[in-house]
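Chain and residue survey
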Amino acid sequence: MNDKKIQRILNLGIAFSKERSKEKLLDRILEAAMDLTGCDGGTLYINNGTELEFNIMITRSKGVHQGSEGDAINMPPVPLVRSNVCALSALERRLINIPDVYECSEYDFSGPKQYDAMTGYHTKSLLVVPMEDDKENVIGVVELINAMDADGNVIPFPQMDEQILHSLGSQAAICLVNISYSHQIQHMLNSFVQVMTTAIDARTPYNANHTKTMVRYAGRFIDWLNAQPLSWKFSEEDKQIFLMSAWLHDIGKLVIPQEIMDKPSRLGANEERLHARLERIGLLTQIEELSGTLAPEKCKSRYERLAEAKALVQEVNTAGYLTDDYRDRVKELARETYRETDGSVCPWVTPEERDQLLVRKGTLTTAERKEMQKHAAMTERMLTQMNLEGSYSKILLWASQHHERLDGSGYPRGLTGDQISMESRLLMIIDIYEALTARDRKYKGAIQIDDSFAILYRMADRGELDRNIVELFEESGAWKPLPESGQTDER
Ligand SMILES: [Fe+2]
Ligand SMILES: [Fe+2]
C-alpha cells in the first residue's frame, strides 16, 4: 500500500470518528471503500440476525445511488445461507475475492446475474468483506463490484485492495460501535427523562404540559431556524441536547413543596384555617352575648366587622392585582384581636396569613417565591449529580440557566450578558412564553398571544431577555397553539 493511500485511510478514520449519524457513516464507508479501490459499484448490507438487508447500493457508471439518503432500495433481503457469497462472508467472518462472477461456480450468483439481466450491467470482479464490531459480531457486509484499471477496464481486485478494505472495515466498525454506544446512552437518558417527567406529572399535572409544550415549541423553532439563511444553526446532536434541556429544565421542582407548586390563591391551604377562625370568633361572640359579658351593641358591631372581614378575605384571596386601598384594609384587619377561652389574646389574621393576603400580584409571598426559585438551583444540582459528559454536559449549562436574566436580575446565580449561553436565552424565552399563555394553571388565567409577546418585548427592553431571539421566536411561528395541548409562571 502506498503512503498516499495509508494517509487517506488514516484521514478517513478521523473523519469517520466525527460522524454521529449511522446512516451517513455507512454511506461514507462505502464511498471511501470504492474510492480507495477504484471500483465501479458497491453494496452495503446490514445484518439483522437472519438476513442481510440492502442498505446502500452504488453503481457509479450508471449514476445509481440508492439507500441511505438516496432512493429506497426495492430488493428482497439476502438469507444467511452459505451458497450466497455475501452471506458466507458474514457467516464465516472472512473476506472473499472473486475475479470473475461468471467463471465461478462455487457460489450462487443469481442475484448479481439477475441485476445484470435487468439493467444491462456486467458484474465481473467482486470483493466481499464482513464488518465486525468489537465483540466480533458481524454487523454488516461490504461488497465491492468491478475493480478498474487506469484505462477503465474491469479487472480482478488486487490483493492490496483486500488489505485496504480490511483496514477500512475495522476503523468503520469501531466508529459504528461508538455511534451505537452513544445511541444507547441517549436512549437511556431519554428513558430517564421520561421517568422523571412522569414523576413531576404525577405531582402536578400542569407541569407535564409545560415541559411537553416547551419541547414542541423548541423543536419547531430549531427546525425553522435551521432553514433560515442565518449563522445560528443547531446540529442534529445539539437539537437533541437542547430538547433534552427543555425536558429537564424544571426537574428541580421535584423537591418543591406541593402547596407552593400549585398554590391556587394567596392564602392557599391557610384559607380554610382563617375561615374557621373567623367562624369561631363569631361563636365566641355569641357566648359572650348570651352570658351578658359583652354589651349587645358591641356584639352587633363585631358581627358586622366579622362579615366585612370574611368578604374582604374572600375578595383579596383571589384578586389579580391588589390595590393600595385593599392592602390598607388587610393591614387594618390584621390588627384585630380576640380573646381565646384560655384568656390568651390572639390575632384574627396570623402574620403569615397577613403576608399572604398582602401579595400584590400572583399568589406567592416573597418567602414562598424564594422557595419556588430554589428549583433552578436544584435543577443544576441534580443535573450535576448525573455526571453528564461530553456534549451532554451542555444540558447542565443550558437547563440550569433558564431563570437567569441578561441584566443579572435572574437566579440562581445572577449571571449577566455573555455569561448566559444563546441556548439558555432561547430556553428562557420559550419558558416564559409557555408560562404566560398556559391555560391549565390553577393560580392564573391564560394571557393572550399578543399580550404575551408584548410582555416578552418589555422584558427585552428592560435588558432581561435577548431581543433578537424574541424577534426570531415570534417570526418562527413555532409558538402557535398545539392542537392536542391544553395550551397549558414560568414556575
Ligand atoms: Fe423553571
Ligand atoms: Fe419552566
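Residues numbered from 1 in each chain as written. Chains lettered and ligands numbered in written order. Predicted model: local features only at pLDDT ≥ 70, side-chain atom pairs only at ≥ 80, totals over all residues. Heavy atoms only, no water.

Another point: the overall build of the chain. For the chain, the count of helices and strands is 17 helices and ten strands. In terms of C-alpha radius of gyration, the chain reaches 35 Å, well past the compact-globule figure of 23 Å for 491 residues. With the C-alpha coordinates of the chain rotated into their principal frame, the extents come out at 125 × 45 × 40 Å. Among the 491 residues that make up the chain, the fraction classed as buried is 47%. For the chain, the accessible area works out to roughly 24300 Å², and carbon and sulfur atoms hold 51% of it. (Helix = DSSP H or I, 4+ residues; strand = E, 2+ residues; numbered from the N terminus. Rg over C-alpha atoms; globule rule 2.2 N^0.38 Å. Buried < 20%, exposed > 50% of the residue type's maximum accessible area, 1.4 Å probe, protein only. Areas by Shrake-Rupley, 256 points an atom, 1.4 Å probe, with all protein chains shown as cover.)

A few words on the domain arrangement of the chain. Taken as a whole, the chain is organised into domain 1 (3–181), domain 2 (204–259 + 368–476) and domain 3 (270–362). The C-alpha centroid of domain 3 is placed 85 Å from the C-alpha centroid of domain 1. (Domains from an automatic or database assignment.)

With that settled, consider the environment of isoleucine 222. Among the structural elements, isoleucine 222 can be located in helix α6 (residues 205–226). With relative accessibility at 0%, the residue isoleucine 222 sits in the buried group. A sequence separation of 17 residues divides isoleucine 222 from lysine 239, and the C-alpha atoms of the two residues are 7.0 Å apart. Excluding anything up to four places from it in sequence, isoleucine 222 contacts Phe234, Lys239 and Phe242. (Contact = heavy atoms within 4.5 Å.)

Coordination of the iron ion (ligand 2) by the protein is provided by His210 (NE2), His249 (NE2), Asp250 (OD) and Asp431 (OD), with metal-donor distances spanning 2.2 to 2.3 Å. Here the donor residues of the iron ion (ligand 2) are spaced in sequence according to H-x38-H-D-x180-D. Separation of the iron ion (ligand 2) from the iron ion (ligand 1) amounts to 3.4 Å, with aspartate 250 serving as a shared donor to the pair. Residue histidine 210 is located in helix α6, and its partner histidine 249 is located in the loop between α7 (236–248) and α8 (258–261); the two are separated by 39 residues in the primary sequence. Here histidine 249 falls in the buried class, since its relative accessible area comes to 0%. (Donors = N, O, S within 2.8 Å, 3.2 Å for Na, K, Ca; no water.)

Now for the coordination of the iron ion (ligand 1). Protein coordination of the iron ion (ligand 1) is provided by Asp250 (OD), His375 (NE2), His402 (NE2) and His403 (NE2), with donor distances spanning 2.2 Å. In the primary structure, the donors to the iron ion (ligand 1) are separated according to the pattern D-x124-H-x26-H-H.

If you check α7, its first and last C-alpha atoms are 18 Å apart, about what 13 residues at 1.5 Å a residue would give, namely 18 Å. Within α7 the residues assigned to the buried category are Asp238, Lys239, Ile241, Phe242, Leu243, Met244, Ser245, Ala246 and Leu248. (Expected span 1.5 Å × (residues − 1).)

Residues of the chain with pLDDT of at least 70 account for 95%, and the chain-wide mean is 88. No element of the chain has a lower mean pLDDT than helix α1 (residues 3–18), which averages 75, and none a higher one than helix α17 (residues 467–476), which averages 96. (pLDDT = per-residue confidence, 0-100.)

A surface patch of negative charge is lined by Asp450, Asp451, Glu474 and Glu475. Among the elements of the structure, α16 (449–461) and α17 are those that each provide at least two residues to the negative patch. With respect to the element layout, aspartate 451 can be found in helix α16. On the basis of relative accessible area, aspartate 451 is assigned to the partly exposed category, the value being 43%. (Patch = residues over 30% accessible without salt bridge, like charges linked within 9 Å, V, L, I, M, F, W, Y side chains within 5 Å. Salt bridge = Lys/Arg side-chain N within 4 Å of Asp/Glu carboxyl O. Lys, Arg positive; Asp, Glu negative; His and termini not counted. Charge placed at Lys NZ, Arg CZ, Asp CG, Glu CD.)

Of all nine residues making up strand β1 (residues 39–47), eight are buried, and the element is well covered by its neighbours. Of the pairings in the sheet, the one linking β1 to strand β7 (residues 138–148) comprises seven bridges and is antiparallel in character. Directly across from cysteine 39, in β7, lies its bridge partner alanine 147. Of the pairings in the sheet, the one linking β1 to strand β2 (residues 51–59) comprises seven bridges and is antiparallel in character. Its bridge partner lying in β2, isoleucine 46 is registered against glutamate 53. (Pairing = 2+ DSSP bridges.)

The next point concerns the packing of aromatic side chains. A full pass over the atoms with the stated rule returns 15 aromatic pairs. When the ring of tyrosine 217 is compared with that of tyrosine 433, the centres are 5.7 Å apart and the planes differ by 65°; the resulting orientation is edge-to-face. Within this pair, whereas tyrosine 217 is found in helix α6, its partner tyrosine 433 is found in helix α15 (residues 422–437), the two being separated by 216 residues in sequence. Take tyrosine 217 and tyrosine 433: they sit in the same class, and that class is buried. Members of the aromatic cluster, joined through ring pairs, are Tyr217, Phe221, Trp224, Trp232, Phe234, Phe242, Trp398, Tyr433, Phe453, Phe473 and Trp479. (Phe/Tyr/Trp six-rings, centres within 6.5 Å; stacked < 30°, edge-to-face > 60°.)

This part is about the pattern of salt bridges. The tally for this structure, following the rule as stated, stands at 26 salt bridges. Aspartate 35 is paired through a salt bridge with arginine 60; the nearest N and O atoms lie 2.9 Å apart. On the criterion of sequence distance, the pair formed by aspartate 35 in helix α2 (residues 22–37) and arginine 60 in the loop between β2 and β3 (64–67) is long-range, its members being 25 residues apart. For aspartate 35, a relative accessible area of 38% gives the class partly exposed. A salt bridge links glutamate 471 to arginine 467; its shortest N-O distance comes to 3.3 Å. One end of the pair is glutamate 471 and the other is arginine 467, both in helix α17 and four residues apart, which spans about a single turn. Note on glutamate 471: relative accessible area 35%, which makes it partly exposed. In this structure arginine 467 comes out as partly exposed when scored by relative accessible area, which is 36%.

Let's shift gears to the environment of glycine 282. With respect to the helices, strands and loops of the structure, glycine 282 is situated in helix α9 (residues 270–291). Once the C-alpha coordinates of glycine 282 and tyrosine 303 are considered, the two residues, 21 residues apart in sequence, prove to be 6.7 Å apart. The contact partners of glycine 282, leaving out residues within four places of it in the chain, are Tyr303 and Leu306.

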